[in-house]
Amino acid sequence: MTLDNTLFRAVEREFYGYSYNANQLQNLIDRQRCLDVVRSGSDFQERVDTGTSYSDPISMWFEQLEFLDEQIAKCRLRTAPIQHMLTHLSEQHPELVTLFDLRYRQKHTWIEIQDVMSISERTRWRLRKVLVRTGACFLGFLD
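All residue numbers refer to positions counted from 1 along the written sequence of the respective chain. Residue-level local features of this predicted model are given only where pLDDT is at least 70; pairs of side-chain atoms are given and counted only at 80 or more, and the full residue set underlies all totals for whole chains, interfaces and linings. The side-chain numbers reported here are obtained from all heavy atoms of the structure, hydrogens and water having been left aside.

Undergrad: So what's going on with the overall build of the chain? Residues and values would help.
TA: Across its full length, the chain carries five helices and zero strands. Secondary structure elements of the chain occur, N-terminal to C-terminal, as α-α-α-α-α. Relative accessibility thresholds used throughout: buried, under 20% of the residue-type maximum; exposed, over 50%; partly exposed, between the two (1.4 Å probe, protein chains only). Within the chain, buried positions represent 36% of all 143 residues. Working rule for contacts: check all heavy atoms of both residues, and any pair within 4.5 Å makes them a contact. Expressed as a percentage of contacts within the chain between residues at least 6 apart in sequence, the contacts between residues at least 24 apart total 66%. Total accessible area computed for the chain in this model is approximately 9500 Å², and 52% of it derives from carbon and sulfur atoms. In DSSP terms, a helix is any run of H or I states spanning at least four residues, a strand is any run of E spanning at least two, and both are numbered starting from the N terminus. In short, Shrake-Rupley with a 1.4 Å probe defines the accessible areas, and a residue's cover is counted only from the protein chains shown.

Here is the structure:
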């Protein structure tokens, strides 16, 4: 079964964004680890009446933690399926992982990829279709 052009492009867009999303995920995790509960003892004296919300340091810490948790969950929804796909492919089809790394992580041109992998244009296109179809399955676009 072939993928329509829109779905093919959507999967490749996720592949191209994988490195950025993985870096973003790591940055959010690092920010979460470095989140201070209380910056100083004077923070407890600096309460401000904000109506229905709290302005004390503990409440602000919980709000920041919830925000970071939400952002981390969103990033994981985008990176985890591709990471699982790469793990699966590394055991079954390592040439597809190589293709993914060269094109979607290192951003090589298709001509350079063909030279590095010593494959023809037709083989490269076939591998690309298999990779994108596998990605569509792991991303939940196909059954």
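Now that the structure has been shown, the text picks up again.
Undergrad: Describe the packing of aromatic side chains, naming the residues involved and giving the relevant values.
TA: Each pair of aromatic rings taken from Phe, Tyr and Trp, with Trp reduced to its six-membered ring, is defined by centres within 6.5 Å and is described as stacked if the planes are under 30 degrees apart, edge-to-face if over 60, and tilted in the remaining cases. Counted by the stated rule, this structure contains seven aromatic pairs. Ring geometry for Phe 100 and Tyr 104: centres 5.4 Å apart, planes at 45 degrees, overall tilted. Remark: Tyr 104 and Phe 100 occur in helix H3 (residues 94–105); sequence separation between them is four residues, near one turn of the helix. Overall, Tyr 104 belongs to the buried group, its relative accessible area being 0%.

Undergrad: Can you explain the packing of H3 against helix H5 (residues 121–138)? Please cite residues and give values.
TA: All axes are obtained by fitting lines to C-alpha atoms, using only the stretch in contact for helices, and the reported angles, taken between N-to-C directions, cover 0 to 180 degrees. At a closest axis distance of 10 Å, the pairing of H3 and H5 adopts a crossing angle of 95 degrees. With respect to H5, the element H3 is oriented roughly perpendicular. Here H3 contributes Glu 95, Leu 96, Leu 99, Phe 100 and Tyr 104 to the contact with H5, which in turn contributes Arg 124, Leu 127, Arg 128, Val 130, Leu 131 and Val 132. All residues other than Ala, Val, Leu, Ile, Met, Phe, Trp, Tyr, Cys, Pro, Asp, Glu, Lys and Arg, Gly among them, are scored as polar; the first ten of these are nonpolar and the last four charged. Tallied by class, the residues present in the contact of H3 with H5 amount to eight nonpolar, no polar and three charged. An angle counts as roughly parallel when it lies under 35 degrees, as roughly antiparallel when it exceeds 145, as roughly perpendicular when it falls between 65 and 115, and as oblique in every other case.

Undergrad: So, the pattern of salt bridges: which residues are in play, and what are the values?
TA: Should a side-chain nitrogen of Lys or Arg be within 4 Å of a carboxyl oxygen of Asp or Glu, the pair is scored as a salt bridge. Overall, the coordinates contain six salt bridges when judged by the stated rule. Of the charged contacts, one joins Glu 14 and Arg 78 as a salt bridge, the two residues approaching to 2.7 Å between their closest N and O atoms. Note that Glu 14 is positioned in helix H1 (residues 5–33) and Arg 78 in helix H2 (residues 57–92), a separation of 64 residues in sequence. A relative accessible area of 16% means that Glu 14 is categorised as buried. Note that Arg 124 and Glu 121 form a salt bridge whose closest N and O atoms lie 3.9 Å from each other. Highlighted residues: Arg 124 and Glu 121, both in helix H5, separated by three residues, approximately one helical turn. The exposure class assigned to Arg 124 is buried, which follows from its relative accessible area of 8%. Under the relative-accessibility criterion, Glu 121 is labelled exposed at 54%.

Undergrad: An account of the side chain of Thr 134 is requested, with residue identities and associated values reported.
TA: With respect to the helices and strands, the residue Thr 134 is situated in helix H5. Since its relative accessible area comes to 17%, Thr 134 is described here as buried. In protein, a polar contact means a hydrogen-donor-capable atom and an acceptor-capable atom, both N or O and within 3.5 Å, with residues adjacent in sequence counting only if both atoms are side-chain atoms; elsewhere, any N or O pair within 3.5 Å suffices. Looking at Thr 134, its side chain comes within polar contact range of the main-chain oxygen of Val 130, at 2.8 Å.

Limitation: the analysis is restricted to geometry and does not speak to function.
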